[in-house]
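Observations on chain architecture
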Amino acid sequence: TAQSNFFANSDFHQVYQVGIHGGRPHLFSGLNMESISINGKGDLLYQDKKGYEDPYRKHQQSPIARDIWLRQGDKYSRLTNFAGEDRNPVWGADGKSFYYLSEKSGSFNVYKRSAVGGDERQLTSFKKNPVRFLSVADNGTLCFGYDGELYTLREGETPHRVAVNIVTDSNDDDVVRRINRYGATEVKVSPNGKEVAFVLHGDVYVTSMDYATTKRITDTPEQE
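In this convention, every chain numbers its residues from 1, walking through the sequence in written order. Selection of residues for local features in this predicted model requires a pLDDT of at least 70, selection of side-chain atom pairs for listing and counting requires 80 or more, and totals for whole chains, interfaces and linings are taken over all residues. To get the side-chain values, take all heavy atoms of the structure and skip hydrogens and water.

Here the focus is the sheet that holds strand E9 (residues 109–114). One open sheet holds the four strands; their spatial order is E7-E8-E9-E10, and the pairing between them is antiparallel. The sheet is open, and its two borders are formed by strand E7 (86–91) and strand E10 (120–122), each paired with just one other strand. Each adjacent strand pair in this sheet contributes to an overall mean axis angle of 25°, direction not counted. Bridging between E7 and strand E8 (residues 97–102) involves four bridges; their strand directions are antiparallel. When the bridges of E8 are listed, Trp91 appears paired with Phe98. At least two DSSP bridges between two strands are needed for those strands to be called paired. Only runs of H or I of at least four residues qualify as helices and only runs of E of at least two qualify as strands under DSSP, and these elements are numbered from the N terminus. Angles run from 0 to 180 degrees between N-to-C directions of axes, and those axes are lines fitted to C-alpha atoms, restricted for helices to the stretch in contact.

Shown next, in the form of structure tokens:
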């Protein structure tokens, strides 16, 4: 027997629940609920999804822009009504207030809001790039991504960039045997016909026509 009149597909997921010791999953909600956060009372925060929109698109304002909702028992309440994007809610330690990301200031920043009453404060004021991937620890420390870096934030303080060091045993002189069967684009042959340059996974490579070697020319996080 159908338990929901919502049509589930790869873009509009349904939410299921399962016991902590396993067992059969059961349909929790036919509504599409993204970025779910649950407090100690079982109150559930989530962002809705009214239609398809690239989650990394900036400055979009439309009828399908995401909003934050609260589910308490069988009651649903919309907590935000900004014409643009409100998303990624996380409960605060008190279980009464929550943090979320909004483009109200022109770029995604962190806001704090009461679940009851709607009192709100803006906690960050970044302008160049959007804040992403908001989370919160049990002690109230917020963590998020900004401009390719990780930051933490305690209320009343300024954001702190986390120093991340990645250690690797490889170096630029290592020879790696790799077989890529697809993905090369933008192929160009050198004027003398002895080398071929191409793009693979966002980086530029050059391979020799005379020798079975290929060298990666660029090594950046951006698309080349």
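With that settled, consider the side chain of Asn129. Counting through the fold element by element, Asn129 comes out in the loop between E10 and strand E11 (131–136). Any residue under 20% of the maximum accessible area for its type is buried, any over 50% is exposed, and the rest in between are partly exposed; the area is computed with a 1.4 Å probe on protein chains only. Since its relative accessible area comes to 19%, Asn129 is described here as buried. Contacts between residues were defined by any pair of non-hydrogen atoms, one from each residue, lying within 4.5 Å. Among residues more than four places away in sequence, those in contact with Asn129 are Ser107, Phe108, Tyr146 and Asp147.

On to the pairing of strand E13 (residues 149–153). As paired strands, strand E12 (residues 142–146) and E13 are joined by five bridges and run antiparallel to one another. Residue pairing in the sheet places Tyr146 in a bridge with Glu149 of E13. Between E12 and E13, which follow one another and run antiparallel, lie two residues, and Asp147 among them has a positive phi close to 55°. Across two bridges, E13 lies against strand E14 (residues 160–161) in antiparallel orientation.

Let us look at the side chain of Arg66. Tracing the backbone through its elements, the reader meets Arg66 in the loop between strand E4 (44–47) and strand E5 (68–72). Polar contacts here mean pairs of N or O atoms no more than 3.5 Å apart (in protein, one a potential hydrogen donor and the other a potential acceptor; neighbouring residues in sequence count only if both atoms are side-chain atoms). A distance of 3.1 Å separates a polar atom in the side chain of Arg66 from a polar atom in the side chain of Glu85. Excluding residues within four positions of it along the chain, Arg66 makes contact with Glu34, Gln47, Asp48, Lys50, Glu53, Pro55, Gly84, Glu85, Asp86 and Arg87.

Overall, antiparallel pairing links the four strands, which are arranged E15-E16-E17-E18 in an open sheet. Each end of this open sheet is capped by a strand with a single partner; those strands are strand E15 (185–189) and strand E18 (214–216). The sheet shows a mean angle of 20° between the axes of neighbouring strands, taken without regard to direction. Pairing geometry for strand E17 (residues 203–208) and E18, over three bridges, is antiparallel. The partner of Tyr205 across the bridge, within E18, is Arg216.

Further remarks concern the pairing of E9. Across six bridges, the pairing between E8 and E9 is antiparallel. Looking at E9, one finds that Ser97 is bridged to Ser114. Across three bridges, E9 lies against E10 in antiparallel orientation. Counterpart to Tyr111 in the pairing with E10 is Gln122. In textbook terms, the turn of a hairpin is the stretch between consecutive antiparallel strands, and for E9 and E10 this stretch comprises five residues, one of which, Gly117, has a positive phi near 105°.

Worth remembering: the numbers are spatial, not functional.
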